[in-house]
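Topology and contacts: notes
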Amino acid sequence: MEWRAGDAALRRRADGALELRVGGVFVMDDVETSSERLLARTMLDGLPDPRHVLVGGLGLGYTLREILGDPRIKRVTVAELEPAIPAWMHDGMLPGADLLTDPRVDLRIADVREVVDATERDDLDAILLDVDNGPGYLVHEDNAELYERPFLQRCADVLAPGGQLCVWSMAEAPELESAMQERFGRVETQPIPVRLQGRAESYWLVRGHGVAGDSLAP
Ligand SMILES: C[S@@+](CC[C@H](N)C(=O)[O-])C[C@H]1O[C@@H](n2cnc3c(N)ncnc32)[C@H](O)[C@@H]1O
């Protein structure tokens, strides 16, 4: 069974799993979701007092659910391009209606770039980016800008001192790492072991830690 709206397609596969595609590209299913949850967990464990976090995008909501499980979190701004995804949650076709009615969640049907541009300086404790399959595996061509220096600088500007930018990627991303190194005090790349179709594989998290005070590069 398959539902389509805009660029999003939701499919119930023969194995019973739910699969999300955007623009014809497989983005995720509900079978292997450890890396989506670990994206949030790593940020939550790495910050002393995370209060306001930006998540791009919503997807099947695993990252968001993990964040909301932490009582320190006061507000989560979520940027999602496809209006069908929250609509499917509200309609019960996807689990997640409870995420959207959580009073801490501020869902914006928008490009994550617009949301970052509209954010006040120092307003966020973390930005979690999981909008593509990684910088080398884009869902939308325009998303290439998200991994380039000007946007990374804008992220650094809206993060509070010591805040984090965490990027999910299905493969190592050395160019992103070096671009982030110019904008953040410290950058770490961490493999996340996953099992895909019975094989041991790795996904990756690239994490930039903001410095106290102003960002590094002009
Ligand atoms: C891999 S899914 C996110 C998975 C999510 N972390 C989870 O736990 O389910 C990627 C999502 O990002 C959205 N997206 C893609 N490009 C975007 C952009 N530029 N701004 C906001 N959302 C975007 C897609 O529509 C899709 O829903």
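Residues numbered from 1 in each chain as written. Predicted model: local features only at pLDDT ≥ 70, side-chain atom pairs only at ≥ 80, totals over all residues. Heavy atoms only, no water.

1. Topic: the sheet that holds strand β11 (residues 199–209)
Reading across the sheet, the seven strands line up as β7-β6-β5-β8-β9-β11-β10 and stay open at both edges, with mixed pairing between neighbours. The open sheet has two edge strands with one neighbour each: β7 (105–109) and β10 (186–196). Each strand of the sheet is rotated relative to its neighbour by a mean of 15°, with strand direction disregarded. Inspection of the sheet shows strand β6 (residues 75–80) paired to β7 by five bridges, in the parallel sense. By the bridge assignment for β7, A79 is matched with R108. Relative to the sheet, helix α6 (residues 149–158) contacts β8 (124–129) and β9 (159–169), its axis offset from that of β9 by approximately 140°. (Pairing = 2+ DSSP bridges. Helix = DSSP H or I, 4+ residues; strand = E, 2+ residues; numbered from the N terminus. Axes fitted to C-alpha atoms, helices over the stretch in contact; angles between N-to-C directions. Contact = heavy atoms within 4.5 Å.)

2. A short note on the sheet that holds strand β3 (residues 18–22)
Within the open sheet, the four strands sit side by side as β1-β2-β3-β4. Their pairing is antiparallel. Looking at strand neighbours, the two that pair on one side only are β1 (2–5) and β4 (25–29), the edges of this open sheet. Within the sheet, the average angular offset between the axes of one strand and its neighbour, ignoring direction, is 20°. Pairing between β1 and strand β2 (residues 8–12): four bridges, direction antiparallel. In the sheet register, R4 faces β2, and the bridge partner there is A9.

3. A closer look at the pairing of β9
In the case of a regular strand, side chains alternate between the two sheet surfaces. Taking burial as the measure, the eleven residues of β9 include nine buried ones, the bulk of the element. Sheet analysis places β8 next to β9, joined by five bridges and oriented parallel. Across the sheet, the residue bridging to L129 is V167, located in β9. Taken together, β8, α6 and β9 form a β-α-β motif whose crossover is right-handed. (Buried < 20%, exposed > 50% of the residue type's maximum accessible area, 1.4 Å probe, protein only. Right-handed = clockwise from strand over helix to strand, strands pointing away.)

4. What about helix α7 (residues 174–183)?
Inspection of α7 places L176, A179, M180 and R183 among the buried residues, and these make up the whole buried set. Down the axis of α7, the buried set is contained in an arc of 100°. They therefore lie on one face. Against α6, β9, β10 and β11 lie the buried residues of α7. (Arc of directions from axis to C-beta.)

5. Let's talk about the site of the ligand
Near the ligand there are 23 residues, and of these L60, T63, E80, V112 and D130 occur at the shortest range. With respect to the ligand, the backbone of Y62 contributes an N or O atom lying 3.0 Å from an oxygen atom. Contact distances for the ligand include 3.3 Å between a nitrogen atom and a side-chain N or O atom of D111. In isolation the ligand offers 610 Å² of accessible surface; the protein chains occlude 100% of this area. Contributions of two or more residues to the shell around the ligand are made by β4, α2 (62–68) and β6. Residue classes in the shell around the ligand are distributed as twelve nonpolar, six polar and five charged. (Near = heavy atom within 4 Å. Polar contact = N/O pair within 3.5 Å; in protein donor to acceptor, adjacent residues only side chain to side chain. Areas by Shrake-Rupley, 256 points an atom, 1.4 Å probe, with all protein chains shown as cover. Nonpolar A, V, L, I, M, F, W, Y, C, P; charged D, E, K, R; others polar.)

6. A word on the state of the cysteines
Enumeration over the complete set of coordinates arrives at zero disulfides. Cysteine C155 remains unbridged, with the sulfur of C166 as its closest cysteine sulfur at 11 Å. The class for C155 is buried, based on a relative accessible area of 0%. (Disulfide = S-S within 2.5 Å.)

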